[in-house]
Amino acid sequence: MGLKEKLEKVDFDIDKGRKFKAADRLRNLIQENPHEMELWNKLAQLYYEGGFLDAAGRYWILTEPTNDRIKNCVEVYEKSVNYSGYQILQDLVFRGDKSKLPKYAQKKLAQLEIDSSEKSNCIPKFAPRTNKANKRKNTNDTSKEKFGRYLIFAVLIGVFLLILTGFGTVIEWIFG
């Protein structure tokens, strides 16, 4: 399923009043596609409409503040984390390629990293996520592979049982 279809599911959930489910889907999509600012903005808008200004600011922080509501929400969020670049980076958990982000977002991330480095001598690093679809393809075994694995397991159990039977027979000869 492509990103467009997933966004349609999100919109459907929002229309049906399942905003928590929609927010959950959007957070997962952001983790899969961290450079897609449309997802960040959609989740921020969802939080803003729900009255969660700090959460909206968290997801609007990489968006250029083009209007007062974005500026206000980002300010509320930054204040809630005491303007800590380290805490903001921890909250964002950006696992994508920064070069794919808009210039403003790249600049903002760089500022947050500098702030984090200066104040806490640490810049949080997050390993990029592997694509779940690729992971599933690699772990799905064919029926022949599964049968082979089960066959080997059955043979090992059979050998173990034969060894136990042999030990039992030897003990019976000695003491019997």
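Here's what I pulled together on the structure shown here. (Residues numbered from 1 in each chain as written. Predicted model: local features only at pLDDT ≥ 70, side-chain atom pairs only at ≥ 80, totals over all residues. Heavy atoms only, no water.)

As for the layout of surface pockets
- For the second largest pocket, the calculated volume is near 180 Å³.
- The wall of the second largest pocket is formed by 14 residues, among which Phe94, Lys98, Glu113, Pro124 and Phe126 lie closest to the centre.
- When grouped by side-chain class, the residues that make up the lining of the second largest pocket number 9 nonpolar, 1 polar and 4 charged. (1 Å grid on protein atoms, 1.4 Å probe; cavity = no way out; pocket = protein on both sides within 12 Å on 5 of 7 lines; lining within 4 Å. Points joined across faces, edges and corners; volume = space filled by probe spheres on them. Nonpolar A, V, L, I, M, F, W, Y, C, P; charged D, E, K, R; others polar.)

Looking at the packing of aromatic side chains
- Across all of its chains, the model carries 4 aromatic pairs by this definition.
- A centroid spacing of 5.8 Å and a plane angle of 50° characterise the contact between Trp40 and Tyr59, whose relative ring orientation is tilted. Taken together, the residues Trp40 in helix H3 (residues 37–49) and Tyr59 in helix H4 (residues 53–60) connect sequence positions 19 residues apart. Judged on exposure class, the residue Trp40 and its partner Tyr59 are both buried.
- On the basis of an interplanar angle of 55° and a centroid distance of 5.7 Å, the ring pair of Tyr48 and Trp60 is categorised as tilted. Taken together, the residues span a long stretch of sequence, with Tyr48 in helix H3 and Trp60 in helix H4 at a distance of 12 residues.
- You can call Tyr48 partly exposed: its relative accessible area is 30%.
- Overall, the relative accessible area of 2% leaves Trp60 in the buried class. (Phe/Tyr/Trp six-rings, centres within 6.5 Å; stacked < 30°, edge-to-face > 60°. Helix = DSSP H or I, 4+ residues; strand = E, 2+ residues; numbered from the N terminus. Buried < 20%, exposed > 50% of the residue type's maximum accessible area, 1.4 Å probe, protein only.)

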